[in-house]
Structures are given as C-alpha cells and as structure tokens.
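Coordinates in review
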Amino acid sequence: MSSTSAPFGFRASFHNSGQIRPKAYVIASTYAASIFSGDPVKLVDAGTIQLGTSDGTRTGTVDGVSLLGIFAGVEYIDATGKPSISPFWPGGTTGTNITAYVYDDPETLFDVQYANPGTPGTDSVQSAVGEECDWTVASPGGSTATGLSNTVLGVIQATSGQFQITGFQGNITDSLTDAYVVVTVRINEHHYKAAVNSV
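Residues numbered from 1 in each chain as written. Predicted model: local features only at pLDDT ≥ 70, side-chain atom pairs only at ≥ 80, totals over all residues. Heavy atoms only, no water.

**What about the overall build of the chain?**
Scanning the chain from N- to C-terminus turns up 0 helices and 14 strands. The helix and strand sequence of the chain, counted from the amino end, reads β-β-β-β-β-β-β-β-β-β-β-β-β-β. At 17 Å, the chain has a C-alpha radius of gyration in line with the 16 Å of a compact globule built from 199 residues. Projected onto its principal axes, the C-alpha coordinates of the chain cover approximately 55 × 35 × 35 Å. Buried residues in the chain amount to 47% of all 199 residues. (Helix = DSSP H or I, 4+ residues; strand = E, 2+ residues; numbered from the N terminus. Rg over C-alpha atoms; globule rule 2.2 N^0.38 Å. Buried < 20%, exposed > 50% of the residue type's maximum accessible area, 1.4 Å probe, protein only.)

Here it is as structure tokens:
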C-alpha cells in the first residue's frame, strides 16, 4: 500500500490449491489493441481473446463485460518467421501459431492497486471488503519495456461489478488509510462462473 500511484495491473497472487497456472488461448493475427500482462481479457465468439472491454479496444466500456481472466503473456511466429515470446501483445502484430496465456481459473485471486475513495490518511478502506468494482481502462495501457499493465481497480459499483474485493495485500509499514491501497480481488463477472451480488 502506498501514497504513490504505481499501478501494475492485476497480478495473480493466490489459489486455494497452491497452484497458479495460466491456460493457453489464441489472439487473432493483426488484432489491433495492445494487451499487457495484468490486463483483463474476454473470450469472443471466434474463440479468440481480446481486451476485456465492450469492443475489445481501450476506448470501449467495461460495464457488464464478462471476463475470461487476466493476460499473462504471449508467444508467436512473427511475419519474418522469427519465434517471439513477449509479456505483452503488440497491437496490430501479424503472426502465426499465436499462443496467449491467461489466468482463467475463477478461483484465482489477484492483487491490484485501488485509489482510496475517502480522505487518505484518515479514512480506512476496510469497508470495501465484499464490494464490487469494474476495472479502469488505461491508455496506452502499459509499458512496452516491462510489458506490465498500468490498469487499476475502479470505483465501487451500485449493483454488480467485474471484480469483488476480498481483502488487502500489504506489509507492516502499510496502512488501510493510504492513498493507493493494494487490494486482493476475485473476478466476479467471469466467463466460466455465475456472478454474485455486492454486499
């Protein structure tokens, strides 16, 4: 937790089995939007994945979009025939044998940065446990140097949200009154599981 905004997207952090494994999916060649490690993604009718917004772009909306999971990198053969392994999908890439990795298990928990909606230094975010939020789409979305997403968790929703806050990730020097708290969430509006209502 911190007084500094330093988003890193959604980072897989816990599963009851002790195993956290991404699963292989496909991105369509020349898919235009960049996807960074830690970005939420969705499954579309073609059987491929896209950014988890209404239209698969960074200008799309997120309300009501069912998520497949969190992107964890990609490997493919580029247009020159060179094998490439990358922590992010460079938008518009032409490739073959494209394998994208996604943390798609609905029981996996993720850590993500969340802006304290109250007065930092005074108001605790403890009451946010059990509440639901959508994700906030950032543009350009992440770092091409590290491949990490710079998305964050959005504000608490009145009804159902894509993610549900289950707790907090921190250490002894952190406080629940920090301006930017790292929360632990589960995907609530999941492609493979029915959503639950906010508490």
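There's more to say after this.
**What to know about the environment of Ile77**
By secondary structure assignment, the location of Ile77 is in strand 6 (residues 69-78). Those residues within four positions of Ile77 in sequence are excluded, and the remaining contacts are Lys82, Pro83, Thr94, Gly95, Thr96 and Asn97. (Contact = heavy atoms within 4.5 Å.)

**Re the nonpolar core**
The biggest cluster of nonpolar side chains holds 35 residues, and the ones touching the most others in it are Ile27 and Leu153. If you list the elements that add at least two residues to this core, you get strand 5 (49-51), strand 6, strand 9 (95-103), strand 10 (109-115), strand 11 (132-136), strand 13 (163-168) and strand 14 (180-187). Those residues in contact with Leu153 that sit more than four places away from it in its chain are Phe10, Val112, Gln113, Tyr114, Cys133, Asp134, Thr136, Phe163, Ile165, Val183 and Val185. (Core = buried A, V, L, I, M, F, W, Y, C linked by side-chain atoms within 4.5 Å.)

**Describing the pattern of salt bridges**
As a working rule, side chains carrying opposite charge can pair if their charged atoms are close by. Under the definition given, this model contains 3 salt bridges. For Asp39, the salt bridge is made with Arg58, and the minimal N-O distance between the two is 2.4 Å. Residue Asp39 is found in the loop between strand 3 (35-36) and strand 4 (40-43), and its partner Arg58 is found in the loop between strand 5 and strand 6; the two are separated by 19 residues along the sequence. Neither residue differs from the other here; Asp39 and Arg58 are each classed as buried. (Salt bridge = Lys/Arg side-chain N within 4 Å of Asp/Glu carboxyl O.)

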